[in-house]
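Understanding the architecture of this molecule
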Amino acid sequence: QNLRRLRKNYKYVLQREKIAMKKINILPIALVLAPLLGAAQSSPFTLTGKVADHKRAVDNTIYLKFRQNGKEIDDSTKMLNGAYTFKGMLSYPVKATIQLKMADSVEQYHKQTRILKDYAHEFYIDKGKLSANATGKLNSTIVKGSAADDNRQELQKMLDPYYKTSSRIYDEEG
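Calculation notes
- Residues numbered from 1 in each chain as written.
- Predicted model: local features only at pLDDT ≥ 70, side-chain atom pairs only at ≥ 80, totals over all residues.
- Heavy atoms only, no water.
- Pairing = 2+ DSSP bridges.
- Helix = DSSP H or I, 4+ residues; strand = E, 2+ residues; numbered from the N terminus.
- Axes fitted to C-alpha atoms, helices over the stretch in contact; angles between N-to-C directions.
- Buried < 20%, exposed > 50% of the residue type's maximum accessible area, 1.4 Å probe, protein only.
- Phe/Tyr/Trp six-rings, centres within 6.5 Å; stacked < 30°, edge-to-face > 60°.
- Lys NZ or Arg CZ within 6 Å of the ring centre and 35° of its normal.
- Polar contact = N/O pair within 3.5 Å; in protein donor to acceptor, adjacent residues only side chain to side chain.
- Contact = heavy atoms within 4.5 Å.
- Core = buried A, V, L, I, M, F, W, Y, C linked by side-chain atoms within 4.5 Å.

A word on the sheet that holds strand β7 (residues 128-134)
Pairing within the open sheet is mixed, and its four strands lie in the order β4-β1-β7-β8. Since the sheet does not close on itself, it has two edges, and those belong to β4 (83-90) and β8 (142-144), each with one partner. Averaged over neighbouring strand pairs, the angle between their axes works out to 15° when direction is ignored. The pairing of strand β1 (residues 43-51) with β7 spans seven bridges and is classified as parallel. Counted as the bridge partner of Thr48 is Ser131 from β7.

Put into structure tokens, the structure is as follows:
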């Protein structure tokens, strides 16, 4: 009887080990496929815009820059009478910058003085169709169609009174 119990226990242990081995063999496959599944979830975006102050741009060029899945994405296009279009794929909403191509001397001036660039605009890019229009300088661009940027704009409106008060106190106190 003891021998029967030992054989039964041995068979049970072997079955459990086979199941565990199957689970372990699936894990490496899942780890290899995980990045591919993330890439499969990318969605297209189209950013169409117009810049009133487009004549300052060298070669009528505008850049779109953002970071996605650990990679820096730098795209450029030529503007036609200030109008431009960018198309691409996004896995998730992310902060992006559109920027006019400027002369090297202008870029160097802004690096040295740390004065904000009026030829660039930060916003949150999202999937779908977006529009970006600047009636003046590029930094006055209004982006529509991005839920993430709508949230940023709403937060900015809530924080503006605090920033104004802080600036006023700084001006008064020095």
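Focus: unusual backbone geometry
Even without a glycine there, the phi angle at Asp59 is positive, about 55°. Within the secondary structure, Asp59 sits in the loop between β1 and β2 (61-68). For Asp59, a relative accessible area of 48% corresponds to the partly exposed category. Notably, Asn60 is not glycine yet its phi reads approximately 50°, a positive angle. By the secondary structure assignment, Asn60 is in the loop between β1 and β2. Residue classification places Asn60 among the partly exposed positions, given a relative accessible area of 34%.

So, the packing of aromatic side chains
Applying the stated criterion across every chain, the model contains two aromatic pairs. With a centroid separation of 6.1 Å and an interplanar angle of 80°, the aromatic rings of Phe45 and Phe66 are classed as edge-to-face. Here Phe45 is found in strand β1, whereas its partner Phe66 is found in strand β2, with 21 residues between them in sequence. Given the relative accessible area of 3%, Phe45 is considered buried. Its end group placed over the ring of Tyr63, Lys65 keeps NZ or CZ at 5.4 Å from the ring centre.

Points about the side chain of Asp53
By secondary structure assignment, the location of Asp53 is in the loop between β1 and β2. A residue is classified by how much of its surface remains accessible, and Asp53, at 17% relative accessible area, is buried. Of the polar contacts made by the side chain of Asp53, one reaches the side chain of Arg56; its length is 3.0 Å. Leaving out residues up to four positions away in the same chain, Asp53 has contacts with Leu100, Gly136 and Lys137.

A few points about the nonpolar core
One finds Leu47, Ile62, Leu64, Tyr84 and Ile125 to be the most contacted residues of the largest nonpolar core, which totals 24 residues. Of all elements in the fold, only β1, β2, β4, β5 (94-100), β6 (120-125) and β7 reach the threshold of two or more residues within this core. Beyond its immediate stretch of four places on either side in the chain, Ile125 contacts Phe45, Leu64, Leu90, Pro93, Val94, Ala96, Leu130 and Ser146.

Some details on the pairing of β7
Looking along a regular strand, one sees the side chains alternate between the two faces of the sheet. Across three bridges, β7 lies against β8 in antiparallel orientation. Its bridge partner lying in β8, Ala132 is registered against Val143.

Let's talk about the sheet that holds β2
Pairing within the open sheet is antiparallel, and its four strands lie in the order β3-β2-β5-β6. If you trace the sheet from one side to the other, it starts and ends with β3 (71-78) and β6, each paired once. For this sheet, the mean angle separating the axes of adjacent strands, direction not counted, is 20°.

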